[in-house]
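Read off the chains here:
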Amino acid sequence: MSNPRVLITGGAGFIGSHLAAYFLDKGNDVIVMDNLLTGDVSNISHLFGKPGFEFVTHDVTGFVHVSGRLDTILHFASPASPIDYQEFPIQTLKVGSLGTHKALGLAREKNAKFLLASTSEVYGDPLIHPQPESYWGNVNPVGLRGVYDEAKRFAEAMTLAYHRRHQLDTRIVRIFNTYGSNMRLNDGRALPNFICQALRGEPLTIYGDGMQTRSFCHVSDLVEGIWCLLQSDETGPVNLGNPTEMTIREFAQQVLIATGSESAITFEDLPEDDPKVRQPDITRARELLGWQPKIELTEGLALTIPYFRDKVEKTDREVAIEF
Ligand code: UDP
């Protein structure tokens, strides 16, 4: 019998590339589709040449054709950091709306299972804390984050419409702050910024007073959660994230300790609509999937820092050579 065949849109991105490696390891054939707007081939270069692995450069907002059978589509294509979706607002809206529509159409054509990567951003600046899946959110549609938040809300609605209207077998994962190797150094998120600043001995830039909270999940926990969600028959949205919540100040301190850096801390303006709190309620994932994260932040940082150290050294060497 041949291996199950999985398409991962956005598979050269941070989370997509981890999924590609994991699904290959589990005996699947994997097609990565990415237009490389924010993804990077170096995240998947170790997979080239492995049996069952294919890479296609394609923008999923246009018609998508994949020949042969497909069993599962993991739809992860989208800019996903505040800096990225502010730089690419229209592409972000298009991939969440048109791209999700195309990917769902392909799933219907192939009779494949479809999993949508959604986000804690659907809760906006939440008024309920921690956030359960039953919360409808507090999103500013015309703010700087609106392009991402509304695109993902539309994508969730579209996914459920295909489920209800066409009986497509669908899953929706709401992903909370996740970190690990294959993140871009300059994607503007707190973790890459703080680690790179700490490694370079530059001040860590805390936005606002740093009392806003986040909860950080290691990517290996997230990928396992996504695997469990696919094996389940839950079609409603499921939060996946690590419920250990901390202020951004505490987080910066943890990065300083983990890197052994003596960098100072500076305070900069808080970006528009920056959520004041964020913590996943993972009761549903615990009960339905028997899943919960295993990796606490200290361990996760120790796993992640060597990746950033290598990248920072390489990037700084290249910059030095250019001068
Ligand atoms: N942040 C910060 N300094 C940075 C980058 C981010 O203080 O250099 C803050 C940001 O304002 C937010 C939190 O860290 O409150 C997490 O930001 P991130 O971009 O990682 O993701 P978000 O959860 O906001 O989507």
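In what follows, the accompanying structure is described.

**Some points on the overall build of the protein chain**
Right, so step 1: What the protein chain contains, in helices and strands, is nine helices and 13 strands.
Right, so step 2: Here the C-alpha atoms of the protein chain give a radius of gyration of 19 Å, agreeing with the 20 Å that 2.2 N^0.38 yields for 323 residues.
Right, so step 3: Across the protein chain, the fraction of contacts at a sequence separation of at least 24, relative to all contacts at a separation of at least 6, is 80%.
Right, so step 4: Looking at the protein chain, you have 30 positive and 41 negative side-chain charges, and the mean spots of the two groups are 7 Å apart.

**Re the pattern of salt bridges**
Right, so step 1: Tallied over the full model, the rule gives 15 salt bridges.
Right, so step 2: Where R278 meets E121, a salt bridge forms, and the shortest distance between an N and an O atom there is 2.7 Å. Taken together, the positions of R278 in the loop between strand 13 (265-268) and helix 8 (283-289) and E121 in the loop between strand 5 (113-119) and helix 4 (146-166) put the pair 157 residues apart, joining distant regions of the chain.
Right, so step 3: On the accessibility criterion, R278 (6% relative accessible area) is buried.
Right, so step 4: Look at E121 and you get buried, because its relative accessible area is 4%.
Right, so step 5: The shortest N-O distance in the salt bridge between D187 and R189 comes to 2.8 Å.
Right, so step 6: The structure contains a network of salt bridges with shared partners spanning E121, R145, R214, D274 and R278.

**Concerning the packing of helix 5 (residues 190-200) against helix 9 (residues 297-322)**
Right, so step 1: For the pair helix 5 and helix 9, the least separation of the axes is 10 Å and the interaxial angle reads 65 degrees. When you trace helix 5 past helix 9, the crossing you get is right-handed. Where helix 5 approaches helix 9, its residues L191, P192, I195, C196, L199 and R200 are matched on the opposing element by L301, T304, I305, F308, R309, V312, T315 and D316.
Right, so step 2: Looking at the contact of helix 5 with helix 9, its residues break down into nine nonpolar, two polar and three charged.

**With respect to the side chain of R174**
Right, so step 1: In this fold, R174 is placed in strand 6 (residues 170-175).
Right, so step 2: Looking at R174, its side chain comes within polar contact range of the side chain of E156, at 2.7 Å.
Right, so step 3: Among residues more than four places away in sequence, those in contact with R174 are S118, T119, S120, V122, Y123, E133, Y135, E156, P237, V238, N239 and L240.

**What to know about helix 5**
Residues lying three or four places apart along an α-helix face the same way, a consequence of the helix completing one turn every 3.6 residues.
Right, so step 1: Across the 11 residues of helix 5, eight count as buried, placing the element largely inside the fold.
Right, so step 2: Residues of helix 5 that are buried: L191, P192, N193, F194, I195, C196, Q197 and A198.
Right, so step 3: At the exit of helix 5 stands G201, carrying a positive phi of roughly 70 degrees.

**Looking at the sheet that holds strand 5**
Right, so step 1: Taken in spatial order, the seven strands line up as 3-2-1-4-5-6-11 in an open sheet, and their pairing is parallel. Of all strands in the sheet, those with a lone pairing partner are strand 3 (53-57) and strand 11 (237-240), marking the two edges. Averaged over all pairs of adjacent strands, the angle between strand axes in this sheet comes to 20 degrees, irrespective of strand direction.
Right, so step 2: Each of strand 1 (5-9), strand 4 (72-75) and strand 5 is contacted by helix 3 (residues 89-110), which is oriented at about 175 degrees to strand 4, the strand it contacts most.
Right, so step 3: The strands touched by helix 4 are strand 5 and strand 6; relative to strand 5, the strand with the most contacts, the crossing angle is about 155 degrees.

**Observations regarding the site of the ligand**
Right, so step 1: Contacts to the ligand come from 18 residues, most closely from T205, Y207, R214, D274 and R278.
Right, so step 2: Take R145: an N or O atom from its side chain is 2.8 Å from an oxygen atom of the ligand.
Right, so step 3: For the ligand, the accessible surface in isolation is 520 Å², of which the surrounding protein chains cover 96%.
Right, so step 4: Those elements that place two or more of their residues in the shell around the ligand are helix 5 and strand 8 (204-207).
Right, so step 5: Of the residues assigned to the shell around the ligand, the class counts are seven nonpolar, five polar and six charged.

**Thoughts on the pairing of strand 4**
Right, so step 1: Side-chain alternation along strand 4 places T72 and L74 on one buried face and I73 and H75 on a second face that is also buried.
Right, so step 2: Pairing geometry for strand 1 and strand 4, over four bridges, is parallel. Paired with T9 across the two strands is H75, which belongs to strand 4.
Right, so step 3: With four bridges joining them, strand 4 and strand 5 adopt parallel strand pairing. The residue bridging I73 from the neighbouring strand is F114, located in strand 5.

What counts as what
Residues numbered from 1 in each chain as written. Predicted model: local features only at pLDDT ≥ 70, side-chain atom pairs only at ≥ 80, totals over all residues. Heavy atoms only, no water. Helix = DSSP H or I, 4+ residues; strand = E, 2+ residues; numbered from the N terminus. Rg over C-alpha atoms; globule rule 2.2 N^0.38 Å. Contact = heavy atoms within 4.5 Å. Lys, Arg positive; Asp, Glu negative; His and termini not counted. Charge placed at Lys NZ, Arg CZ, Asp CG, Glu CD. Salt bridge = Lys/Arg side-chain N within 4 Å of Asp/Glu carboxyl O. Buried < 20%, exposed > 50% of the residue type's maximum accessible area, 1.4 Å probe, protein only. Axes fitted to C-alpha atoms, helices over the stretch in contact; angles between N-to-C directions. Left-handed = near helix turned anticlockwise from the far one by under 90°. Nonpolar A, V, L, I, M, F, W, Y, C, P; charged D, E, K, R; others polar. Polar contact = N/O pair within 3.5 Å; in protein donor to acceptor, adjacent residues only side chain to side chain. Pairing = 2+ DSSP bridges. Near = heavy atom within 4 Å. Areas by Shrake-Rupley, 256 points an atom, 1.4 Å probe, with all protein chains shown as cover.

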